[in-house]
Amino acid sequence: MGSLADDGRWTVRLAVGLLAGAAGLYGLHKLVTLKRQQQRAGGDRPSEKNLVHRVTGLKVPGDEQGIAEEHCGSNYNTGTAAIQKGSSPPPSERQQMLVSSQNSRPTRFLCAKSPDVLERQHLQAVLGLLKESSDASTREQALVTLGNSAAFSANQDLLRNLDGLSIIANCLFDEVISVRVKALNVLNNLSMNIANQKELKIWIPQILEILRTTTLNSELQVASLRVLTNFSITNNYHYMMTNYIPHFLKLLVEGTEKIKVQILKVLINLSANPDICHDLLSAQSGMQDLSKQHTRIGTISACLHIHGAKS
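Source: prediction; values computed, not measured. (Residues numbered from 1 in each chain as written. Predicted model: local features only at pLDDT ≥ 70, side-chain atom pairs only at ≥ 80, totals over all residues. Heavy atoms only, no water.)

**Student:** For this particular structure, what's the right way to read the overall build of the chain?
**Tutor:** For the chain, the helix and strand inventory stands at 16 helices and two strands. Counting over 311 residues, the chain shows a buried share of 45%. Of the contacts formed within the chain by residues at least 6 apart in sequence, a portion of 65% connects residues at least 24 apart. (Helix = DSSP H or I, 4+ residues; strand = E, 2+ residues; numbered from the N terminus. Buried < 20%, exposed > 50% of the residue type's maximum accessible area, 1.4 Å probe, protein only. Contact = heavy atoms within 4.5 Å.)

Written as structure tokens, this is what we have:
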């Protein structure tokens, strides 16, 4: 009987010990959960400069600590999707928006982190980097980010209001060719906006000079022609291009297929303006020879005769 009593007391003690341990673990769990909730509700949000780094991949001066903390391990919400710290997207996911004038409208490939996350203060930070940075790769990435942002009409107006058009256009003088190409890609998007065209028109001569002086069939020429295609859609700026018509015709013969398509778009847009038809028709003798070398010239030639007859 004494042995049975001892066994009963041992069982009771074991049960009490297990219950006490479970209560302790539950209390510890509640304490950790409460601490996490306080961190989410408190000042644990990233700085705005750090958000620029997360979206663009650019290191913003003055926010080194926030950028370093990005690789420490927890999550936060940017407003569109939860981004895990330490999982910065590879460069392939932040590729430059591909701009094409093949259908008279840009084809937009937005980066993995939607550029509509960038608000006024973020665009100001990126423009500041573009203006002040001496590193070519930083300027390129800044232009890629601005090009992605310029896919949105609201951002096109915002960049103009931030005096960003001149900052971007000044990159046309950059010594690094790849930076100039990316600047032209941004201008291609921005020039889809009529209000932006009024401010960007002063850069048309520089774009035409880039087209004339750069290496034949280069990406710089293609990017220049895309911008000129946008400016030639209306008659407002045709008078600035008339002196370059002979060079357009030269490229129509010597250029690659991509160059010829863009040149034809510009010439057809010019031919829709009766005031420019005289300049185009005066080049007919040259076009007679060109038509023997490329059958597509017949298309533009027909357009010129039709519009010339109307004028």
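**Student:** Please explain the packing of aromatic side chains as it appears in this structure.
**Tutor:** Both the distance between ring centres and the angle between the ring planes are used here to describe each pair of aromatic rings. As enumerated under the stated definition, the model contains two aromatic pairs in all. Between the aromatic rings of Phe231 and Tyr237, the centroid separation amounts to 5.6 Å while the plane-to-plane angle is 85°, which identifies the pairing as edge-to-face. When sorted by exposure, Phe231 lands in the same class as Tyr237, which is buried. (Phe/Tyr/Trp six-rings, centres within 6.5 Å; stacked < 30°, edge-to-face > 60°.)

**Student:** Which parts of the structure should I look at to understand the pattern of salt bridges?
**Tutor:** Note that side chains of opposite charge can pair when their charged atoms are close. The final tally for this structure, using the stated rule, is six salt bridges. Measuring nitrogen to oxygen at the nearest pair gives 3.0 Å for the salt bridge that ties Arg160 to Asp157. Pair noted here: Arg160 and Asp157 are both in helix H6 (residues 153–161), with a separation of three residues, about one helical turn. Classification of Arg160 as buried rests on a relative accessible area of 16%. (Salt bridge = Lys/Arg side-chain N within 4 Å of Asp/Glu carboxyl O.)

**Student:** What's the story with the side chain of Asn188 in this structure? I'm lost.
**Tutor:** Along the chain, Asn188 falls in helix H8 (residues 177–190). On the basis of relative accessible area, Asn188 is assigned to the buried category, the value being 2%. Polar side-chain contacts of Asn188 include one of 2.5 Å to the side chain of Asn230. (Polar contact = N/O pair within 3.5 Å; in protein donor to acceptor, adjacent residues only side chain to side chain.)

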